[in-house]
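# Structural characterization, general
Spelled out, the chains give:
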Amino acid sequence: MSDDRTIEIEDYTAPAGGWGSMKSLVEISAREKIGPEALRELTRQNKPEGFACVSCAWGKPAHPHAAEFCENGAKATAWELTSYRVTPAFFQEHTVTELLGWKDFDLEQAGRLTHPLKYDAATDKYAACSWDEAFAGIGAKLKTYDPTKVIFYASGRASLETSYMYSLMARMYGSQNLPDSSNMCHETTSVGLKSAIGSAVGTIHLSDYEKCDAIFYFGQNPGVNSPRFLHPLRDCAKRGVEIVVFNPLKERGLEKFQDPQNPLEMVTGKSTPIASQYHQVKTGGDVGALMGMCKYLIEADDRARELNTLRILDHAFLAEHTTGFEKFADVARGTDWATIEHESGLSRVEIESAAKVYAKSKAVIAVYGMGLTQHVGGIDNVHMLVNLMLLRGNIGKPGAGMGPVRGHSNVQGQRTVGITEKPELAPLDKLAEQYGFEPPRELGWDTIASCEAVLEGEAQAFIGLGGNFVRAIPDHARMEPAWRGIDLTVHIATKLNRSHLLPGKTCYLLPCLGRIETDMQGTGPQSVSVEDSFSQIYGSKGKATPAAETLLSEPAILAGIAKATLAPNPKLDWDAWVRDYARIRDAIAETYPDMFSDFNAKMFTPGGFWKGVPAAHREWLTESGKAEINVPHSLNVTGFEESEGRFRLMTLRSNDQFNTTVYGYHDRFRGVKGTRDIVFMNRSDMLRMGLTDGDDVDLVGDAGDNADRRFNKLRVVEYSIPEGCVGAYYPECNLLMPVAHHARESHVPAAKSVPVRIEKTR
Ligand SMILES: Nc1nc2c(c(=O)[nH]1)N[C@H]1C(S)=C(S)[C@@H](COP(=O)(O)OP(=O)(O)OC[C@H]3O[C@@H](n4cnc5c(=O)[nH]c(N)nc54)[C@H](O)[C@@H]3O)O[C@H]1N2
Ligand SMILES: Nc1nc2c(c(=O)[nH]1)N[C@H]1C(S)=C(S)[C@@H](COP(=O)(O)OP(=O)(O)OC[C@H]3O[C@@H](n4cnc5c(=O)[nH]c(N)nc54)[C@H](O)[C@@H]3O)O[C@H]1N2
Ligand SMILES: [Mo]
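Conventions used here
Residues numbered from 1 in each chain as written. Chains lettered and ligands numbered in written order. Predicted model: local features only at pLDDT ≥ 70, side-chain atom pairs only at ≥ 80, totals over all residues. Heavy atoms only, no water. Helix = DSSP H or I, 4+ residues; strand = E, 2+ residues; numbered from the N terminus. Polar contact = N/O pair within 3.5 Å; in protein donor to acceptor, adjacent residues only side chain to side chain. Contact = heavy atoms within 4.5 Å. Near = heavy atom within 4 Å. Areas by Shrake-Rupley, 256 points an atom, 1.4 Å probe, with all protein chains shown as cover. Nonpolar A, V, L, I, M, F, W, Y, C, P; charged D, E, K, R; others polar. Domains from an automatic or database assignment. UniProt positions renumbered as here; feature names shortened; annotations may be inferred. Phe/Tyr/Trp six-rings, centres within 6.5 Å; stacked < 30°, edge-to-face > 60°. Buried < 20%, exposed > 50% of the residue type's maximum accessible area, 1.4 Å probe, protein only. 1 Å grid on protein atoms, 1.4 Å probe; cavity = no way out; pocket = protein on both sides within 12 Å on 5 of 7 lines; lining within 4 Å. Points joined across faces, edges and corners; volume = space filled by probe spheres on them. Axes fitted to C-alpha atoms, helices over the stretch in contact; angles between N-to-C directions. Left-handed = near helix turned anticlockwise from the far one by under 90°.

What follows deals with the side chain of Lys 75. Considering the arrangement of structural elements, one finds Lys 75 in helix 3 (residues 71-80). Engagement of the side chain of Lys 75 in a polar contact is seen with the side chain of Asp 656, the distance being 2.8 Å. In this view, Lys 75 contacts Ser 24, Leu 25, Ile 28, Asn 655, Asp 656 and Tyr 663; residues no more than four positions away in its chain are not counted.

Right, let's talk about the site of ligand 2 for a bit. Every one of the 34 residues lining ligand 2 counts as a neighbour, but Tyr 153, Lys 495, Glu 554, Thr 660 and Asn 734 are closest to it. One of the side-chain N or O atoms of Tyr 153 is found 2.6 Å from an oxygen atom in ligand 2. Between an oxygen atom of ligand 2 and a main-chain N or O atom of Lys 495, the distance comes to 2.7 Å. Contact with the protein chains covers 97% of the free accessible surface of ligand 2, which is 930 Å². Contributions of two or more residues to the shell around ligand 2 are made by helix 24 (469-472) and strand 17 (488-493). When its residues are assigned to classes, the shell around ligand 2 shows 14 nonpolar, 14 polar and six charged. Shared between two domains, the shell around ligand 2 holds at least three residues of each, these being domain 1 (85-185 + 410-591) and domain 3 (647-760).

On to the UniProt feature "domain: Molybdopterin dinucleotide-binding" (unreviewed entry) in the protein chain. Per the UniProt record, "domain: Molybdopterin dinucleotide-binding" (unreviewed entry) is found at residues 647-753. In residues 647-753, helix accounts for 7% and strand for 36%; the two terminal C-alpha atoms are 9 Å from one another.

It is worth spelling out the packing of aromatic side chains at this point. Counted by the stated rule, this structure contains 30 aromatic pairs. Geometrically, the ring pair formed by Phe 469 and Trp 483 is tilted, given 5.7 Å between the ring centres and 35 degrees between the ring planes. Taken together, the positions of Phe 469 in helix 24 and Trp 483 in helix 25 (residues 476-483) put the pair 14 residues apart, joining distant regions of the chain. Overall, Phe 469 belongs to the buried group, its relative accessible area being 2%.

Now for the site of ligand 1. Inspection of the region around ligand 1 gives 30 residues, with Glu 251, Asp 286, Arg 653, Gln 657 and Asn 659 positioned closest. At 2.8 Å, a side-chain N or O of Asn 225 approaches an oxygen atom of ligand 1. Side-chain polar atom of His 375 to an oxygen atom of ligand 1: 2.9 Å apart, as the coordinates give it. Protein chains bury 99% of the 910 Å² of accessible surface belonging to ligand 1 in isolation. For the shell around ligand 1, the elements supplying multiple residues, two or more each, are helix 10 (222-225), helix 19 (370-373), strand 25 (647-652) and strand 26 (657-658). In terms of residue class, the shell around ligand 1 is built from eleven nonpolar, 15 polar and four charged. Among the domains, domain 2 (191-405) and domain 3 (647-760) are the pair contributing at least three residues each to the shell around ligand 1.

On to empty space enclosed by the protein. Scanning the entire structure with this criterion turns up eight cavities of 30 Å³ or more. Of the voids in this model, the second largest cavity is the one considered here, and its volume is about 100 Å³. Forming the walls of the second largest cavity are 14 residues, and the residues nearest its centre are Lys 47, Pro 48, Lys 60, Tyr 538 and Gly 539. In terms of residue class, the lining of the second largest cavity is built from seven nonpolar, four polar and three charged.

A few words now on the side chain of Asn 221. Residue position: Asn 221 is located in the loop between strand 8 (214-218) and helix 10. For Asn 221, a relative accessible area of 8% corresponds to the buried category.

Before going further, it helps to spend a moment on the packing of helix 14 (residues 286-307) against helix 17 (residues 337-344). The N-to-C vectors of helix 14 and helix 17 enclose an angle of 145 degrees; their axes lie 8 Å apart at closest approach. Remark: the crossing between helix 14 and helix 17 carries left-handed chirality. Contacts from Gly 288, Ala 289, Met 291, Gly 292, Lys 295 and Tyr 296 of helix 14 reach helix 17 at Trp 337, Ile 340 and Ser 344. Of the residues belonging to the contact of helix 14 with helix 17, the class tally is five nonpolar, three polar and one charged.

This paragraph deals with helix 11 (residues 230-239). Among the ten residues that make up helix 11, seven are buried, leaving the element largely enclosed by the rest of the structure. Every buried residue of helix 11 is accounted for by Leu 230, His 231, Pro 232, Leu 233, Arg 234, Cys 236 and Ala 237.

Moving on to the layout of surface pockets. Here the largest pocket is characterised by a volume of approximately 960 Å³. For the lining of the largest pocket, the secondary-structure elements that each account for two or more residues are helix 9 (187-197), helix 21 (411-416) and helix 29 (593-596). Per-element accounting of the lining of the largest pocket gives the leading share, five residues, to helix 9. Split by residue class, the lining of the largest pocket holds eleven nonpolar, ten polar and ten charged. Two domains each donate at least three residues to the lining of the largest pocket, and these are domain 1 (85-185 + 410-591) and domain 2 (191-405).

Below, the structure written as structure tokens:
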């Protein structure tokens, strides 16, 4: 299939955006054979009355650009509107065992799923079944299980309406096992920001980027993962905002940007430099770097007090709004520079130059992504970034605050409407009253607990609302065989992926409409809604022709399963909800009146409506009632010791993928073409190991748990990456990660610092 790829590795010197992104877009549009309709859909992307992009969760401005989409958002649209179809005939030709040999790219490239399917173990094939058969079969099975052993996974794309129905269905059934992709992603934010500032989400509005005078930017790659962010970043850079970046890799979108929507920039080849300082921190070394900055600021402030000059820290804010400052300040003063330099991989001069920018700035935004959350000490990362911000009152004022960049387009919203395994985060009493049932009260399974339950043979059934769970999680070589022991697996999906090819004893694959498509129900075409990284909620209306007439919408599929599984409930008419999604929104508004009053009236407000974030106006819903300054456990957040020959592996997304969906083999900004089987290495490490660029190596798991984890034959690419750190692609590398290697309190798999050794391929 795709094995005729020519491999090219080269230095990429062009900016992010620019002609490269146009070319990439044209290529994928041609490959998916999308027609004029799909191109028309692009003009409706992220517009009021249009549809919310299915790619990332970046904000949708009230006054959008003529084309408010980016290269990767457009790719996601083209991917969903592809003209290829995976029909029952496809499954007649290919057994599941054969398909297991296909690459992620080839599986999804086969096209959109069209018919409900049931796995037949005798022929090792999927075969078409009717929707009624599928629902009845699933319901009959679910009725026989212990609900506390059934997993209801959600990938963060499903709308607020679907997510609300899903979590309600799970709880009515008796399960609080509601892991979602957030458990592998920003759960560290949900836990870390909640404990520090009392709000579990970012505190800024999109418009704060017009008011800030500095941005401190950690471990997020906008050029690839949220390209529409490049526009406000470029505007900031042009306004003279200092953008101070901490990232082990020189990511192109943070260096320079050429706006593909600006004809002048495109024709003249001009681009805007983004970062004013770029610090290639060691993977897992951010707490060190942040401690260094805090130490500098606190000691400079100490001197100012002695000399009676202008103070550096905002003492009025610290006294009124925070707790824990003195204890933390003593730790910072007592941490020596040699340790800070060693742990961060940065020099004192570099760290002080960053701190000086912070000290002179009046309104600072802290941005971060997976580079901070996916570590054993991820919470320490988030807490330290909050600490830095609190030192000068940079939370809860215009132009300042915490700006985590969320992943999936509605991942934050799913949590808002009840998808959580934590009983205290769902309004259980309210649900009990609204629907007259007794919801489960005990802690459910998150992603890690679900993996453990599957490994131990405890899990009886897995329902997946989108996503590619078995590929996204760690430890493939142990998880995949265990997966087959599950009694029932059900996947609601748009395209075929590897999780579908690991059927439980009974397995259904249920194809659904995508968000871009017309969703026609009893009362006419329906809209849905999503929440972005800024807690803004918007309506989204699909208008493209559905990929097949046989598809059902996600709410219709959930209603089918619910009716076949649960006893009828006089307070809940699933069919009425499906006929008119406005009724689901009424129900959401009743459950969450503070956030969703007048939901139906407000959902198409340009720019969305804000759900409200208490920390954004300095209301701290923490244990102490104040913002808490925390002392980190350690300056090293990797969770393992340094030792000879051990490397820190960070697993990366290429420019040609959306999570486990691989669009192609071109990681343009990093100059890698035709392959994903590479490992980025530092030159000194290569020299020490006698390796040259282009050599083949094996990565070997080094977690010390005696399990054999090995990735054979990766091509070494000499790269600008700190010594002792290596980078390679997710999800292929997940087989090197033990399930137990996760963030302490949030349980997010520690995918950005996996302990590995490197061996020459024999
Ligand atoms: N096109 C596209 N868009 C996407 C996605 C996609 O796969 N493709 N995925 C979506 C999802 S679900 C998510 S969660 C987001 C993910 O978006 P990001 O948060 O950007 O996630 P990653 O690309 O995994 O890694 C981010 C950056 O962290 C850096 N990094 C690694 N380790 C460290 C460290 O220890 N410290 C610091 N400071 N930096 C580090 C890496 O070099 C990389 O630049 O994007 C969303 N948008
Ligand atoms: N090593 C490593 N592992 C990681 C990460 C990492 O950085 N490194 N990142 C983690 C992160 S941040 C995340 S969010 C997870 C991602 O984990 P998931 O969210 O589980 O995975 P995706 O790849 O986004 O899911 C892709 C599948 O979703 C289905 N799909 C697409 N659109 C729709 C739709 O509209 N409806 C339905 N029902 N299905 C749809 C398609 O069938 C497609 O195959 O992976 C995590 N795993
Ligand atoms: Mo994510």
